[in-house]
Every structure is written in C-alpha cells, then in structure tokens.
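Remarks on the overall topology
Residues per chain are reported as follows:
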Amino acid sequence: QVRLVESGGGLVQPGGSLRLSCAASGFTFSTVAMNWYRQAPGKERELVATITSDGGSTNYGDSMKDRFTISRDNAKNTVYLQMNSLKPEDTAVYYCNTLLRYSISRIVPYWGPGTQVTVSS
C-alpha cells in the first residue's frame, strides 16, 4: 500500500523558514522521482519542486527558485522541502506526490494528505 505523509507545516512570519518532510512507504522509494506541489485557496494546484530518484537533479517553479530546496534521503524513504524567505503568497497546503508506473500504459499518481503552511505576521 503506497503511503505518503507530509509533516512540518505551520504558521511562520514573513521572511521565516520551514522544512517540510514527506515519509514514503509501500514502494521502492529510491527508484522514483518525487515532487512537491502546493494549492492556495481558490487557486489551482501548482508544482513547487521535483527531484530525481538519485537526488542528482532538481527543478523548481519560477516563484520558488533561490528560496526553496528539495532534497531526499533514500535511506530514510523521505523527501524534504526547505523553504526560506517565506512570503505571504507562499501560504498554501503543500502536497507530496509521486508517479508510479505499473505498465507501459498505466501510471498512477499518489498524493499525501497535505500539510498547511501559513505565512503571516
């Protein structure tokens, strides 16, 4: 059973930092890319960051570059999102995501329940 569980969200002041974690289980974590998405109230879900299976390559949404860092620990089956210089517009529910391929034509997305990040003074 595939499971993704986020943690580390909370209330932080503008300019502050948070580190999110996503604990994964039920699949071979070290073989798949992992992603962080976020969804603010009234907005579509957007890609925050992605990391390859070995952690050797990362990509970020334009508004997150230079402030957010995605990383992973394959020994702990955990992916992280370090968020610095947080802004009120970063307020959203943050989701961990992966895509698992079961056949040539069947790829299934999995999501965690999300963790709320609120940036406010």
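This text follows the structure it describes.
Scope of this entry: the structure provided in the associated data block. (Residues numbered from 1 in each chain as written. Predicted model: local features only at pLDDT ≥ 70, side-chain atom pairs only at ≥ 80, totals over all residues. Heavy atoms only, no water.)

1. A short note on the packing of aromatic side chains
- Taken as a whole, this structure holds three aromatic pairs when the rule is applied.
- A ring pair is formed by Phe27 and Phe29, whose centres lie 6.3 Å apart and whose planes are at 50 degrees; its orientation type is tilted.
- A relative accessible area of 14% means that Phe27 is categorised as buried.
- Centre to centre, the rings of Tyr95 and Trp111 are 6.3 Å apart; their planes meet at 90 degrees, and the pair counts as edge-to-face. (Phe/Tyr/Trp six-rings, centres within 6.5 Å; stacked < 30°, edge-to-face > 60°. Buried < 20%, exposed > 50% of the residue type's maximum accessible area, 1.4 Å probe, protein only.)

2. Some words on the pairing of strand β9 (residues 92-103)
- In terms of strand pairing, strand β4 (residues 34-39) meets β9 through five bridges, oriented antiparallel. Directly across from Tyr37, in β9, lies its bridge partner Tyr95.
- The pairing of β9 with strand β11 (residues 115-119) spans three bridges and is classified as antiparallel. When the sheet's bridge partners are listed, Tyr94 is paired in β11 with Thr115.
- In this sheet, strand β10 (residues 106-111) lies alongside β9 in antiparallel orientation, the contact comprising six bridges. In the sheet register, Ser103 faces β10, and the bridge partner there is Arg106. (Pairing = 2+ DSSP bridges. Helix = DSSP H or I, 4+ residues; strand = E, 2+ residues; numbered from the N terminus.)

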